[in-house]
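# Observations on the model geometry
Residues per chain are reported as follows:
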Amino acid sequence: MEKFVDHLMQIYDDSKRSQNPSWHAGRNMFENKREYKDKDTSGFKKELIDKGQNNEVTRHILGHGGVILAGRGMDDKFDLIPGRRGIGELGGYIVSGIAQLSDILQKYFGNDAHKKGEADVEILDDYVARDVANAFTRAYDGKYTREQLRKKLLNLLGY
């Protein structure tokens, strides 16, 4: 889990050098959601990897967190609606919600593994991904230092 947090922190550090950190981080997360595959799940909270979810937790964190951050980045770029929350962020949450709906449907109509609890774990992972995106935003807004962001990510994902 600490290796994955290090990966997230590298995304954060890289994004800080960009003119639009939210967009940069969100795009990087989303584009790499399938490429990041560390098989080691030690340190992750059991409820995030239980029921066969295992290292797929990272795909959910990167995918859902990425679309939300990219949406916020669109707001930062185009400022379509005044204030921090805008149409881009709303779009990110809509995309995340649609993807989560597929996890919810798997709970009722998926294979046996999903019906026996894997879908519940995936749904929880989706919510935690939103918390990861919110933590990044707090850091971009100056409400978290880099070290506070790292601690928040460690607390969200592990023990």
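In this text, all values refer to a predicted model and were calculated from it rather than measured experimentally.

### Let's talk about unusual backbone geometry
We note that lysine 51 has phi near 60°; this positive angle belongs to a residue other than glycine. By the element assignment, lysine 51 lies in the loop between helix H3 (46-49) and helix H4 (57-78). Its relative accessible area of 46% is what places lysine 51 among the partly exposed residues. Backbone geometry at asparagine 54 places phi at a positive 45°, although glycine is not the residue there. Looking at where asparagine 54 falls in the secondary structure, it is placed in the loop between H3 and H4.

### Let's talk about the packing of aromatic side chains
What characterises a pair of aromatic rings is the spacing of the ring centres plus the angle enclosed by the ring planes. The full count for this structure, using the stated rule, is five aromatic pairs. On the basis of an interplanar angle of 40° and a centroid distance of 6.2 Å, the ring pair of phenylalanine 4 and phenylalanine 44 is categorised as tilted. Taken as a pair, phenylalanine 4 in helix H1 (residues 2-16) and phenylalanine 44 in the loop between helix H2 (21-31) and H3 lie far apart in primary sequence, 40 residues in all. Assigned by exposure class, phenylalanine 4 and phenylalanine 44 land together as buried. Centre to centre, the rings of tyrosine 12 and phenylalanine 136 are 5.8 Å apart; their planes meet at 80°, and the pair counts as edge-to-face. One end of the pair, tyrosine 12, is in helix H1; the other, phenylalanine 136, is in helix H6 (residues 112-140), and 124 residues separate them in sequence. Classification of tyrosine 12 by relative accessible area gives buried; the value is 5%. An aromatic cluster of at least three residues, connected via ring pairs, comprises Phe4, Tyr36 and Phe44.

### Considerations on the pattern of salt bridges
Inspection of every chain in the model, using the stated rule, returns nine salt bridges. A salt bridge links aspartate 14 to arginine 17; the shortest N-O distance between them is 2.5 Å. Under the relative-accessibility criterion, aspartate 14 is labelled partly exposed at 23%.

### A few points about the nonpolar core
If you look at the biggest cluster of nonpolar residues, it comprises 32 residues, and the most contacted ones within it are Leu8, Phe136 and Leu157. Elements supplying a minimum of two residues to this core: H1, H2, H3, H4, H6 and helix H7 (146-157).

### Some words on a nonpolar patch on the surface
Together, Leu101, Ile104, Leu105, Tyr108 and Phe109 line one region of the surface with nonpolar side chains, adding up to about 540 Å² of accessible area. You can see tyrosine 108 is positioned in helix H5 (residues 87-109).

### Remarks on H5
If you check H5, its first and last C-alpha atoms are 32 Å apart, about what 23 residues at 1.5 Å a residue would give, namely 33 Å. Along H5, the positions that sit buried rather than exposed are Gly88, Glu89, Gly92, Ser96, Gln100 and Asp103. The inward-facing, buried residues of H5 contact H4 and H6.

### Some remarks on the side chain of arginine 150
Relative to the elements of secondary structure, arginine 150 occurs in helix H7. For arginine 150, a relative accessible area of 17% corresponds to the buried category. Residues contacting arginine 150, with those up to four places away along its chain left out, are Glu2, Val5, Asp6 and Met9.

Rules used throughout
Residues numbered from 1 in each chain as written. Predicted model: local features only at pLDDT ≥ 70, side-chain atom pairs only at ≥ 80, totals over all residues. Heavy atoms only, no water. Helix = DSSP H or I, 4+ residues; strand = E, 2+ residues; numbered from the N terminus. Buried < 20%, exposed > 50% of the residue type's maximum accessible area, 1.4 Å probe, protein only. Phe/Tyr/Trp six-rings, centres within 6.5 Å; stacked < 30°, edge-to-face > 60°. Salt bridge = Lys/Arg side-chain N within 4 Å of Asp/Glu carboxyl O. Core = buried A, V, L, I, M, F, W, Y, C linked by side-chain atoms within 4.5 Å. Patch = residues over 30% accessible without salt bridge, like charges linked within 9 Å, V, L, I, M, F, W, Y side chains within 5 Å. Areas by Shrake-Rupley, 256 points an atom, 1.4 Å probe, with all protein chains shown as cover. Expected span 1.5 Å × (residues − 1). Contact = heavy atoms within 4.5 Å.

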